[in-house]
Amino acid sequence: MRSWIAWRLRPGVVFDLRGYPNANSHVLSHLLTRPDDSNTWMAIPHVIRPDHASTAMPTWETLGLELPVLQPHIGGRIAFLTGPGAASYSESVLSLVEHYHLGEIVGAATAGANGNKAEITEPTGCRTAFTAMRVTKQDGARQHLVGIQPTIQASRTIAGVIAGRDEILEKALAYVRATK
């Protein structure tokens with residue numbers, strides 16, 4: 001896991017969530033203006049019989065991050081870089097960014113693959129992995145295979161890569177540095 005990369009600029013901050021950051025979502029607490037009360041967007045099924053063999057509907061344990069508001073408050077223009085390499089925890093963070101309007105999301109859609117991983121080892125030794133949770137957006141909308149959509153579209157180009165430029169970062173920096 002890598003740490004979040006953040007560029008602190010005079011008018012704001014750019015956070016890089018294009019990969020899989022370490023678990024430091026507490027940074028969002030410094031962006032919130034009210035406590036995070038969305039606590040049902042992650043759900044773990046309680047399955048107690050094979051093949052769900054029961055007449056009763058399955059039960060779910062729901063949860064969220066429930067972040068508090070912390071000081072000092074990070075103000076100014078905030079941008080979060082993302083793209084298809086962002087999955088799981090990155091999507092949880094960006095889902096909160098999207099829900100609470102904590103900043104602009106710059107880049108491309110995330111992977112749409114959020115939730116804890118479960119794994120089964122078959123007698124042959126083959127392993128099958130799958131998502132073991134139901135994860136939605138805070139409003140209950142589908143996130144699986146949809147991902148978090150950017151508010152500012154940006155992509156890298158071959159010319160930019162050859163020139164050693166990061167065009168997604170450049171677009172975010174332009175947003176943060178722009179006057180209101």
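Here the residue index of a chain counts from 1 through its sequence in written order. Whole-chain, interface and lining totals are the exception, using all residues; otherwise, since this is a predicted model, local features are given only for residues with pLDDT of at least 70 and side-chain atom pairs are given and counted only at 80 or more. Hydrogen atoms and water are omitted, and side-chain values are computed over all heavy atoms in the structure.

A. Structural detail: helix 1 (residues 89–100). The terminal C-alpha atoms of helix 1, which comprises 12 residues, lie 17 Å apart, in line with the 16 Å expected from a rise of 1.5 Å per residue. Counting buried positions along helix 1 yields 10 of 12 residues, so the element is predominantly enclosed. Tyr-89, Ser-90, Glu-91, Ser-92, Val-93, Leu-94, Ser-95, Leu-96, Val-97 and Tyr-100 are the residues of helix 1 that are buried. By definition in these notes, contact holds between two residues if any of their heavy atoms fall within 4.5 Å. Strands here are runs of E lasting at least two residues and helices are runs of H or I lasting at least four, both read from the DSSP assignment and numbered beginning at the N terminus. Packing partners of the buried residues in helix 1 comprise strand 5 (77–82) and strand 6 (104–107). Just past helix 1, the residue His-101 takes up positive phi, approximately 55°. To estimate how far a helix should extend, the number of its residues minus one is multiplied by 1.5 Å. Only protein chains enter the accessibility calculation, which uses a 1.4 Å probe. A residue is then buried if its area is under 20% of the maximum for its type, exposed if over 50%, and partly exposed in between.

B. Representation of the pattern of salt bridges within the structure. We define a salt bridge as a side-chain nitrogen of Lys or Arg found within 4 Å of a carboxyl oxygen belonging to Asp or Glu. All chains considered together, the criterion is met by seven salt bridges. Overlapping salt bridges, with partners in common, bring together Asp-16, Arg-18 and Asp-166 in one network.

In short, shape yes, function no, at least from these values alone.
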